[in-house]
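Secondary and tertiary structure notes
The chain contents come next:
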Amino acid sequence: MHLTLRQLTLFEAVARHLSFTRAAEELHLSQPAVSMQVRQLEDAAGLPLFEKLGKRIHLTEAGREMYNYCRHIGEQLRELDEVMSALKGVRRGHLRLSVATTANSFATRILGAFAQRYPESTYSLDVTNRKALLDQLAENQTDIVIMGKPPEGLDLEVQAFMENPLVVIARPDHPLVAEPGPIPLERIQSETFVVRECESGTRIAMERFFRERGMQLRTGIETTSNSAIKNAVEAGLGLGIVSIHTLGLELKAGALVVLDVEGFPILRHWHVVYRQGKRLPPIAQAFLDYLHGDEARPLLQVPTG
Ligand code: PGA
């Protein structure tokens, strides 16, 4: 069977997403380019790997077999990469860091400062939501993750390193801004909230907060971006609940206000997470040491509301 590593990589992404479009997006390729490589792989295998039922694609039996092998090959390749990185040492390694969308605000700053110490190393920073981060950890597609608390029971090393308070934001002319705090929770229950997507850690935490108090959140626009939430709140489309790390200039400029609401801020923490037993490349270990050391401390200040 004549097949190429590239075909396997593209096939793996399509099989994982069960979507040519999403695989093409992830790999920064056009969809026809991905389809062509997968078709060539099907020709090489002499069997169809996908079937289309209605609008959705599914793996055939041959596709499922191919996918299992691809995942193993992928893991082996990543391990090979890690071994090579270890041999190169901390100076010329490659660090794969994946962070929650919300952590982007400070993670870029920390990675930038760290990279100045090791300019010969290379870095990749993936910014995505909580669910995608857990998938990356499960598939060993990243070295280190920065996220809210991962679920219990997974084989993960988890270290908390900074607070992550979630606050309620409003535009300055919202009627609740004039109310003396703390504003009772019942008062905000009837408000509409601009929210993040369901897989976001912020969204999960805010829903849990209201559920635990026997309340239901009224949601309006849903978006994958914290900036879009702030813009929507500024535009008068509702209130928002965001990490304080996402706020800065809007508060100083008076475009947004943090409301003093009963039970808020929701207190969460940022965690640095990696797979138990993972052979961390030296550059990744150096990053962990840096994050927990004195030098990074000024970069880890929690903004005040
Ligand atoms: P997120 O943040 O909402 O950007 O996914 C992660 C988290 O708070 O757990």
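Note: the structure precedes this text.
Residues numbered from 1 in each chain as written. Predicted model: local features only at pLDDT ≥ 70, side-chain atom pairs only at ≥ 80, totals over all residues. Heavy atoms only, no water.

**Some details on the overall build of the protein chain**
Operational definition: For helices the rule is a DSSP run of H or I covering at least 4 residues; for strands it is a run of E covering at least 2, with both sets numbered from the N terminus onward. Only protein chains enter the accessibility calculation, which uses a 1.4 Å probe; a residue is then buried when its area is under 20% of its type maximum, exposed when over 50%, and partly exposed in between. By definition in these notes, contact holds between two residues if any of their heavy atoms fall within 4.5 Å. Every accessible area reported is derived by Shrake-Rupley at a probe size of 1.4 Å, with residue values counting cover from the shown protein chains alone. Counting rule applied: Lys, Arg positive; Asp, Glu negative; His and chain ends not counted. Working definition for charges: the position is that of NZ of Lys, CZ of Arg, CG of Asp or CD of Glu.
Secondary structure assignment for the protein chain yields 11 helices and 12 strands. Principal-axis analysis of the C-alpha atoms places the extent of the protein chain at approximately 75 × 50 × 35 Å. Buried positions account for 45% of the 305 residues belonging to the protein chain. Taking all contacts inside the protein chain whose residues are at least 6 apart in sequence as the whole, residues at least 24 apart take part in 75%. Of the roughly 15,700 Å² of accessible surface on the protein chain, a fraction of 51% belongs to carbon and sulfur atoms. Put simply, the protein chain has 34 plus and 37 minus side-chain charges, and the middle of one group is 2 Å from the middle of the other.

**Some thoughts on empty space enclosed by the protein**
Put simply, the test is: Here the term cavity refers to a set of points on a 1 Å grid, laid over the protein atoms alone, in which a 1.4 Å probe fits but cannot get out; the term pocket refers to an open set having protein on both sides within 12 Å along at least five of seven lines, with lining residues being those that place an atom within 4 Å of a point. Grid points are joined across faces, edges and corners, and a volume is the space filled by probe spheres set on the points. Only Asp, Glu, Lys and Arg are considered charged, only Ala, Val, Leu, Ile, Met, Phe, Trp, Tyr, Cys and Pro nonpolar, and every remaining residue, Gly among them, polar. Annotation comment: domain bounds sourced from an automatic or database domain assignment.
For the structure shown, the criterion picks out two cavities of 30 Å³ or more. Empty space within the largest cavity amounts to approximately 110 Å³. Across the lining of the largest cavity, the residue classes break down as three nonpolar, nine polar and three charged. In this structure, the lining of the largest cavity is formed jointly by two domains, domain 2 (89-163 + 269-300) and domain 3 (166-258), each of which donates at least three residues.

**Thoughts on unusual backbone geometry**
Note that the residue after Phe264, namely Pro265, is joined by a cis bond; omega there is 0 degrees. Here Pro265 shows up in the loop between strand 11 (257-259) and strand 12 (269-275). Although it is not a glycine, Leu18 adopts a positive phi angle of roughly 50 degrees. By secondary structure assignment, the location of Leu18 is in the loop between helix 1 (5-17) and helix 2 (20-27). Its identity is not glycine, yet His28 carries a phi of approximately 55 degrees, on the positive side. Checked against the element boundaries, His28 lands in the loop between helix 2 and helix 3 (31-45).

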